[in-house]
Amino acid sequence: EHHEQRMQEMLAAMSGQHTAAEMMPVLFKRALDVHQTFFAIVEAIAHMNHGWKKGQLHRTQNEQGVYLFSVRK
């Protein structure tokens, strides 16, 4: 339930294309130390990939190979 709530918050906050790192402040509203940031980016990537696999997000790659996600309409 917690993860689904975070997923809905992330989807609502997305307009245009975003990286997982750009969505971290949506998922984690408090200041994070280096250790917490590592786990936060992994969780943000997992949320983005989960949304992509479920068909909620569209995924592309930019010229630098960075994955960009947008809400599938």
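Residues numbered from 1 in each chain as written. Predicted model: local features only at pLDDT ≥ 70, side-chain atom pairs only at ≥ 80, totals over all residues. Heavy atoms only, no water.

Enquirer: Honestly, the overall build of the protein chain in this entry has me stumped. Any pointers?
Expert: Along the protein chain, the regular secondary structure elements total 3 helices and 2 strands. From first element to last, N terminus to C terminus, the protein chain shows the α and β order α-α-α-β-β. In terms of overall size, the protein chain behaves like a compact globule, its C-alpha atoms giving a radius of gyration of 12 Å where 73 residues would be expected to give roughly 11 Å. Seen through its C-alpha atoms, the protein chain measures out along the principal axes to roughly 30 × 30 × 20 Å. When burial is assessed residue by residue, the protein chain has 30% of its 73 residues classed as buried. For the protein chain, contacts bridging at least 24 residues in sequence account for 44% of all contacts bridging at least 6. For the protein chain, the separation between the mean place of its 8 positive charges and that of its 7 negative charges on side chains is 6 Å. (Helix = DSSP H or I, 4+ residues; strand = E, 2+ residues; numbered from the N terminus. Rg over C-alpha atoms; globule rule 2.2 N^0.38 Å. Buried < 20%, exposed > 50% of the residue type's maximum accessible area, 1.4 Å probe, protein only. Contact = heavy atoms within 4.5 Å. Lys, Arg positive; Asp, Glu negative; His and termini not counted. Charge placed at Lys NZ, Arg CZ, Asp CG, Glu CD.)

Enquirer: Could you clarify how one ought to interpret the pairing of strand β1 (residues 57-61) in this entry?
Expert: In summary, the side chains of a regular strand alternate between the two faces of the sheet. As judged from the 5 bridges shared by β1 and strand β2 (residues 67-71), these two strands associate in the antiparallel manner. Considered in β2, the bridge of H58 is made with S70. Between the antiparallel neighbours β1 and β2 lie 5 residues, among them G65 with a positive phi of about 90°. (Pairing = 2+ DSSP bridges.)

Enquirer: How do you make sense of the environment of K29 when you look at a structure like this?
Expert: Along the chain, the position of K29 falls in the loop between α2 (20-27) and α3 (34-53). For the pair K29 and H3, spaced 26 residues apart in sequence, the C-alpha separation works out to 15 Å. Side-chain polar atoms of K29 contact the backbone oxygen of V26, separated by 2.6 Å. (Polar contact = N/O pair within 3.5 Å; in protein donor to acceptor, adjacent residues only side chain to side chain.)

Enquirer: What is the right way to look at helix α1 (residues 2-13) in this model?
Expert: Working note: α-helix, 3.6 residues per turn, so residues spaced by three or four point in the same direction. Across its 12 residues, α1 extends 17 Å between first and last C-alpha, which sits within 8% of the 16 Å expected from 1.5 Å per residue. Lining the buried residues of α1 we find α2, α3, β1 and β2. (Expected span 1.5 Å × (residues − 1).)

Enquirer: Mind showing me how you'd approach the environment of E43 here?
Expert: Tracing the backbone shows E43 in helix α3. Accessibility expressed as a relative area gives 25% for E43, which makes it partly exposed. Separated by 16 residues in sequence, E43 and L27 have C-alpha atoms that sit 8.9 Å apart. If we skip the residues at most four places from it in the chain, E43 touches H3 and F28.

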